[in-house]
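# Geometric and topological summary
In case you want the letters, here they are:
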Amino acid sequence: MNDPILRFLIVDAVALLLLGAGTSLLPQAICGLLTATLCGLSALLCLPPLFSHAPAAPLSVPVGPPGLSLHFALDPLSLFFLLNLFVAGTAVAAFQSTVVQPARIHPTAWCVAGTALSLLAADGVAMVIGLAVTCASAGYRGRRLPMLAPALLLGAVCLLTPSGYAPRFDAIRAAPIDSDHATAAMVLTVAAVGALVWPDNSERCWTRDALTAGVLIPFSSYLLLRLIADLSAAAAQPWWGALLLLAGGAGSVVAAWRAAALPDIDTAIAALLARQAGLAVIGVGLAMTARTADLPAAAAFALDATCLTALGTSLAGTLLSLSAHTIGTSAGTYRLSRLGGLVHAMPGTSAALSAGLLTASALPPGLGFAALWLSFQSILSAPHTGGVLSQLPLALIAAAIALSAGLSTAASLRVVGIAVLGRPRTPRGAGAGESPSTIRAILLLLAATALLAGVLPGPLLRLLADPSIDALTSLPPAQGFGLLSLAGASPGYLIVPLLALLTLAVGAAWRVPRQLRKPAKPAGPWTDGMQPPIGLPFGDPAAQSSGAGFLPALPEIALPRPPPLPSLPRTRISATFPGLWLLLAGFAALLLALAVVG
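In this text the structure is predicted, and so the values were computed from the model without any measurement. (Residues numbered from 1 in each chain as written. Predicted model: local features only at pLDDT ≥ 70, side-chain atom pairs only at ≥ 80, totals over all residues. Heavy atoms only, no water.)

### What about the overall build of the chain?
- What the chain contains, in helices and strands, is 22 helices and two strands.
- Partitioning the intrachain contacts of the chain with sequence separation of at least 6 by distance along the chain shows that 79% fall at a separation of at least 24.
- Of the accessible surface of the chain, which amounts to about 25,300 Å², a share of 70% is contributed by carbon and sulfur atoms. (Helix = DSSP H or I, 4+ residues; strand = E, 2+ residues; numbered from the N terminus. Contact = heavy atoms within 4.5 Å. Areas by Shrake-Rupley, 256 points an atom, 1.4 Å probe, with all protein chains shown as cover.)

### With respect to unusual backbone geometry
- The omega torsion across Pro364 and Pro365 is 5°, close enough to zero to call that bond cis.
- Inspection of the secondary structure assignment puts Pro365 in the loop between α14 (347-360) and α15 (367-380).
- Its identity is not glycine, yet Asp294 carries a phi of approximately 60°, on the positive side.
- Topologically, Asp294 is positioned in the loop between α11 (265-292) and α12 (296-331).
- Since its relative accessible area comes to 65%, Asp294 is described here as exposed. (Buried < 20%, exposed > 50% of the residue type's maximum accessible area, 1.4 Å probe, protein only.)

### Here we look at the pattern of salt bridges
- For the coordinates displayed, the defined rule picks out seven salt bridges.
- Counted as one network, the salt bridges with shared partners bring together Asp75, Arg173, Arg226 and Asp230. (Salt bridge = Lys/Arg side-chain N within 4 Å of Asp/Glu carboxyl O.)

### Focus on the confidence of the model for the chain
- Residues of the chain with pLDDT of at least 70 account for 77%, and the chain-wide mean is 81.
- Here residues 478-483 is a poorly scored stretch, pLDDT under 50, and it has 11 contacts once near neighbours within four places are set aside; other chains count.
- In the predicted structure, residues 570-577 sits below a pLDDT of 50 and forms one contact with residues beyond four places in sequence or in another chain. (pLDDT = per-residue confidence, 0-100.)

### Here we look at the packing of helix α3 (residues 76-98) against helix α19 (residues 457-473)
- Across the interface, α3 lies against α19 with an axial gap of 8 Å and an inter-helix angle of 145°. Pair α3 / α19 crosses with left-handed handedness. Across from Pro76, Leu77, Phe80 and Leu83 in α3, the residues of α19 making contact are Leu464, Ala465, Pro467 and Ser468.
- The residue inventory of the contact of α3 with α19, partitioned by class, reads seven nonpolar, one polar and no charged. (Axes fitted to C-alpha atoms, helices over the stretch in contact; angles between N-to-C directions. Left-handed = near helix turned anticlockwise from the far one by under 90°. Nonpolar A, V, L, I, M, F, W, Y, C, P; charged D, E, K, R; others polar.)

### Let's talk about the packing of aromatic side chains
- In total, this model carries four aromatic pairs according to the counting rule given.
- Measuring from centroid to centroid gives 5.7 Å for Phe81 and Tyr222, while their planes differ by 65°, and the two rings are edge-to-face. Placement of Phe81 in helix α3 and of Tyr222 in helix α9 (residues 206-230) is noted, with a sequence separation of 141 residues between them. Tyr222 shares its class with Phe81; the two are buried.
- Between Phe219 and Tyr222, the aromatic rings sit 6.1 Å apart at their centres with planes inclined by 20°, giving stacked as the arrangement. Separated by three residues within a single helix, Phe219 and Tyr222 lie in helix α9, roughly one turn from each other. The burial state of Phe219 is the same as that of Tyr222; both residues are buried.
- By way of ring pairs, the aromatic residues Phe80, Phe81, Phe219 and Tyr222 are connected into one cluster. (Phe/Tyr/Trp six-rings, centres within 6.5 Å; stacked < 30°, edge-to-face > 60°.)

### Quick look at the side chain of Thr359
- Tracing the backbone shows Thr359 in helix α14.
- Judged by relative accessible area, Thr359 falls into the buried class, the value being 1%.
- Side-chain polar atoms of Thr359 contact the backbone oxygen of Ala355, separated by 2.9 Å.
- Filtering out sequence-adjacent residues up to four positions away, Thr359 remains in contact with Gly312, Ala316, Gly366, Leu367, Gly368 and Ala450. (Polar contact = N/O pair within 3.5 Å; in protein donor to acceptor, adjacent residues only side chain to side chain.)

### Section: the packing of helix α10 (residues 240-261) against α11
- Where α10 contacts α11, the two axes come as close as 7 Å, and the packing angle between them is 165°. On the basis of the axis angle, α10 is roughly antiparallel to α11. Here the hand of the crossing between α10 and α11 comes out left-handed.
- Considering only residue class, the contact of α10 with α11 consists of 18 nonpolar, seven polar and two charged. (Parallel < 35°, antiparallel > 145°, perpendicular 65-115°, else oblique.)

### Re the environment of Ala109
- Its place among the elements puts Ala109 in helix α4 (residues 105-120).
- Not counting residues up to four positions away in its chain, the partners in contact with Ala109 are Leu16, Gly20 and Thr35.

Structure, rendered in structure tokens:
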């Protein structure tokens, strides 16, 4: 079954490349619908091999560097992240086809196509080529950091491939890997992930933000799992876990701090989602620590937390980025200090935004809380032998996870309290209109999916992530079925009674004030029933939140720059980009033909 599905996914990626190259020839709505259709069909085709646990089916395509071929395969790990990729790509493309403002469809098509090729890759060369296509898309051309990711990833693959071996994943697993090379590859992989997902606030681009949050941040989790937990597992050193925990803890805390300090709703959300990449590094670090101590159950907890973090980021990241753009467009500003009262002006969009923030934060019953619970279960299951120094990294990372969770939750509450539940602060914000029905349907469908995933994290892990976790930890399938169970007989939290208790509390808080409501009188809803002062229709500004973060902004660290080299005369070729894209289109057509004929 896997072989025709693998061929179709390769053809689909090539079709997305060609569609992205020809977006100028078709209307925006048609391009968006075609992209969404291709992504939706691919998401549906990922389900049969994922549920059937079918073995990997490799496919060799004789296209690539001299003497090499590109190899593609489907395994449970790549299928899980492919499903996340195509769901996010479907949502972004469908949203782009419905917006009134001109939206660039080709970055979405190229980003999804390049990431899909990297996830389907069974060798390092194909993975790097796919990542290069993703980073070279128009949505990322102006960003310097993501352009470093393919070079860093190529260096990691070269270090993991011993001399005389092909850069295929199965050959790398079977080959003896030098521990120093593996350590350098691990450092380069973490650096590539940081360059790929770190938010860039120099230019506002909602398409780039949505693709970074919904596609690239979950893809960074795949890179960590594939190159560190899978290919480098045989050469892992005991201190790898401490190094990964240090990098992930620092990244998650800094990103959460920035989310609580940034003044704009879109930049705060981007920083909040960048924290998820740090949590993924922490999960891989906990898994490596448990594996070197021969604790497969603790490693399973950590890897499950990483998969839940990637799933939550794919759903919540796409939802939050699209909701922030909808709010900023309707209210005329992204500044939190000028937003307010959206629960009355944009109830559907406000509900979607709140659901996305619940999923990304550490509040139950969201996926963020489930991932946090699994991370702490992994820490508590870690070895408790040795002196104080051996236990210090685990204690510090527990404090870092708790601090990051607290900051991210406070940042989410700040956004909801000011923008959604706060008083209107400007006439444009008070007159913001609800998004069109098609956009609202996309946002609410994503919100319902994210909330349902938070209610049922255990079944989702069993259906989607359990096969890949079993392969990485060598656990029998029954071991993974108890994680996040709905019953108390196995490790898990009682999510159904917790959800009922939360529903009762929210329902009581909503119903009791309605029963005790006093006779209404004409007054603005933002003045708490009081007549507004003369000349201040939105109330006293001194009594309102300024929208600024409650934390000071982190200082910018100025790195020393090397002296500029003397410029050399060069001839400018005016047709560089047309020629480049014609070459890319020819390569894509050749790959399509070879994939069809086998």
